[in-house]
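# Structural overview for review
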Amino acid sequence: MSDDAPQVTITHSEEGSKGAYTATMDGKPPAEMTYSRASPTLIIIDHTGVPDELRGTGVGKMLVERAVLDARASGTKIMPLCPFAKAQIAKTPDWHDVLS
């Protein structure tokens, strides 16, 4: 990876039954994926938003991947209602173990 490659920082927040993963890159507007916690072991991804400035960078897929990795680590299942998240998980068989 070169020093010129964009640096992506993904943060996770959860308050009550709502949560979000937010990705920032090079001072551009952030991308965000939101979810609702249906139970201690189930989240429902309901929206992924990527600003025009970040389209084509893979940042949306990075958000879904982070949710998958976190779900695996905590024993949580994912129900992807968001069409983007659903498509990314469907295209990545290695992620199917976290599907609800």
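All values derive from a computational prediction rather than experimental measurement.

Further remarks concern the packing of aromatic side chains. With the rule as written, the count across this model stands at 1 aromatic pair. The interplanar angle of 40° and the centroid separation of 6.0 Å between the aromatic rings of Tyr21 and Tyr35 together place this pair among those described as tilted. Of this pair, Tyr21 sits in strand 2 (residues 18-25) while Tyr35 sits in strand 3 (residues 31-39), and the two are 14 residues apart along the sequence.

An α-helical turn contains 3.6 residues, so any two residues separated by three or four positions project in the same direction. Given a rise of 1.5 Å per residue, 16 residues ought to cover 22 Å, and the 23 Å separating the end C-alpha atoms of helix 1 (residues 59-74) matches this to within 8%. Those residues of helix 1 that sit buried are Val59, Gly60, Leu63, Val64, Ala67, Val68 and Ala71. Within two residues after helix 1, Gly75 carries a phi angle of roughly 75°, on the positive side.

Right, let's get into the nonpolar core. Within the largest apolar cluster, 22 residues are counted, with the highest numbers of intra-cluster contacts made by Ala31, Met33, Ile45, Val59, Val64, Val68 and Ile78. Only strand 2, strand 3, strand 4 (42-49), helix 1 and helix 2 (83-90) provide two or more residues apiece to this core. Of the residues forming this core, the biggest block, 6 residues, is contributed by helix 1. Apart from residues lying up to four places away in sequence, Met33 is in contact with Gly19, Ala20, Tyr21, Ile45, His47, Thr48, Leu63, Val64 and Ala67.

Calculation rules
Residues numbered from 1 in each chain as written. Predicted model: local features only at pLDDT ≥ 70, side-chain atom pairs only at ≥ 80, totals over all residues. Heavy atoms only, no water. Phe/Tyr/Trp six-rings, centres within 6.5 Å; stacked < 30°, edge-to-face > 60°. Helix = DSSP H or I, 4+ residues; strand = E, 2+ residues; numbered from the N terminus. Expected span 1.5 Å × (residues − 1). Buried < 20%, exposed > 50% of the residue type's maximum accessible area, 1.4 Å probe, protein only. Core = buried A, V, L, I, M, F, W, Y, C linked by side-chain atoms within 4.5 Å. Contact = heavy atoms within 4.5 Å.

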